[in-house]
Amino acid sequence: MGDVYIRHIELLGFEKRFYPSQHYVYIFLVKWQDLTEKMVYRKFTEMYEFHKALKEMFPIESGDINVENRIIPHLPAPRWFDSHRSTQNRQSTLSEYCSALINLPRKISQCGHVLNFFKVRNDDVNPPTVSQFKKSEAFLMPKDPKKSVADITGPIILQTYRAIADYEKNSTTEMGVKTGDAVDVVEKSETGWWFCQLKNKRGWVPAAYLEPMDSPDESEDQEPNYAGELHIVRKGYSAAQEDEITLKEGETIEVIHKLLDGWWVVRKDETTGYYPSMYLQKSGEENTPEKNQLRNRGAPPRRSTIRNIKSIHNQNRKQISQDTYRRNSVKYMQSRRKLKGFLNKSSPIAEDEREAQPAIPPRPSKDLILTRCSESTKSKIK
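Note that the coordinates shown come from a computational prediction; the quantities given were computed from them, not determined experimentally.

1. Section: the side chain of E254
The residue E254 is located in strand β11 (residues 252-257) in this model. Given a relative accessible area of 15%, E254 falls into the buried group. Apart from the residues lying within four places of it in its own chain, the contact partners of E254 are A227, G228, E229, L230, V265, V266, R267 and R336.

2. Notes on the sheet that holds strand β6 (residues 182-188)
Overall, antiparallel pairing links the 5 strands, which are arranged β8-β7-β6-β5-β9 in an open sheet. Every other strand in the sheet has two partners, leaving β8 (201-206) and β9 (210-212) as the edge strands with one partner each. Mean inter-strand twist for the sheet, computed between neighbouring axes without regard to direction, equals 45 degrees. Pairing analysis gives 4 bridges linking strand β5 (residues 159-163) to β6, with the strands arranged antiparallel. Note on β6: the bridge partner recorded for R162 is A182.

3. Looking at the pairing of β6
In this structure, β6 lies alongside strand β7 (residues 193-198), joined through 4 bridges in antiparallel fashion. When the bridges of β7 are listed, V185 appears paired with C196. Following β6, the chain reverses through 4 residues before pairing antiparallel with β7; G192 in that reversal takes a positive phi of roughly 95 degrees.

4. Re the confidence of the model for the protein chain
Overall, the predicted model of the protein chain reaches an average pLDDT of 80, with 74% of residues at or above 70. Residue range residues 349-356 is modelled with pLDDT below 50. Its contacts to residues more than four positions away, or to other chains, number 0 contacts.

5. A look at the nonpolar core
Grouped together as the largest cluster of nonpolar side chains are 40 residues, with contacts concentrated most on V183, W194, C196, L210, V266, Y275 and L280. The residues touching V183, leaving out its near neighbours within four places in the chain, are Q159, T160, Y161, M175, V177, C196, Q197, L198 and L210. Formed by 31 residues, the second largest nonpolar core is a distinct cluster that contains I72, L94, Y97 and L101.

6. Let's talk about the pairing of strand β3 (residues 37-42)
Sheet topology note: the strand β2 (residues 23-32)/β3 ladder contains 6 bridges and is antiparallel. Following the sheet pairing, F28 is matched in β3 by V40. Counted along the chain from β2 to the antiparallel partner β3, the turn is 4 residues long, and its residue L35 has a positive phi close to 75 degrees.

7. Notes on helix α1 (residues 44-57)
The end-to-end C-alpha separation of α1 is 20 Å, in line with the 20 Å expected for 14 residues at 1.5 Å each. When we look at burial in α1, the residues that qualify are F44, M47, Y48, F50, H51 and L54. Angularly, the buried residues of α1 cover 160 degrees about the axis, an arc narrow enough to put them on a single face. The inward-facing, buried residues of α1 contact β2, β3, α3 (91-102), α4 (106-109) and α5 (112-117).

Definitions and cut-offs
- Residues numbered from 1 in each chain as written.
- Predicted model: local features only at pLDDT ≥ 70, side-chain atom pairs only at ≥ 80, totals over all residues.
- Heavy atoms only, no water.
- Helix = DSSP H or I, 4+ residues; strand = E, 2+ residues; numbered from the N terminus.
- Buried < 20%, exposed > 50% of the residue type's maximum accessible area, 1.4 Å probe, protein only.
- Contact = heavy atoms within 4.5 Å.
- Pairing = 2+ DSSP bridges.
- Axes fitted to C-alpha atoms, helices over the stretch in contact; angles between N-to-C directions.
- pLDDT = per-residue confidence, 0-100.
- Core = buried A, V, L, I, M, F, W, Y, C linked by side-chain atoms within 4.5 Å.
- Expected span 1.5 Å × (residues − 1).
- Arc of directions from axis to C-beta.

Dropping the structure here:
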């Protein structure tokens, strides 16, 4: 019996599932060395965790030591939430990633990590379902290369969330909800305001007042990124609570944790705190009329200000204190400074070593070689 390996991986499309809560999985057709074909389903977050582990296993091939040596393909990090459109748009990236992955050297493409990840699991054969819930919906990629990804089959069904507390609207563009109301989310904005509809009503509702129908939505929140992402403060804000931060317009800060309720954890030097994301703009991005309008709107309520003991959010949601954010930030910045200092110290040593190498004399020209050979021959004849 020969070695086990994967011949080909084809992305067929994705599936929208409603149990235990609404989520998306990609459909892969895996062709093995014995020509058997198996169907497996993987979330994008699973794909990304697999990708990160693969990079750690092969630091040279991932470019961690030298960028020029990288052969492992790139895979963008998950967005702060999965929508139908983002899931759909990722398909070409995932398809290219899998194609490149299988064509890597055998030590990578045939390693146990790759083979185990694409093996058929029990939930691939028997996906969890409940009869009273909606059936999963498949959205297959078009076979005709001339068709765009937008031509994928299947209806677009809005996500349904439940209100965990009463909310009274404060403007004509907002929509009030009562505890237990089931609303359809039309658009999720990073500002923490989500555009929803309830029967014949439509308007903006704070994301903090909404939760999925069946389980918490921690998976939609990104993990903290202590490397930070540079943003410019577009509107100043004075802290109203101890764990918030006061900033002035024009200041440059680093965003280290993006949260669904629109209150992001930012870092200014070694100080961290919550700040309304709608008053921030990513460094390098152009200003737009839409972003200018956000400056005139009020920040949404924070999730921590809503009290409802029956909420799923309060049962299992992970809480990170500002002390933890600050401690991890300090550790990251110290390690970054140490690495920078090490690189600065190592550079002169490397230069000295290069200078200590014996000098290689220049190669003599062709004419000089012929002249010397001629003179040598004449001396022997004499």
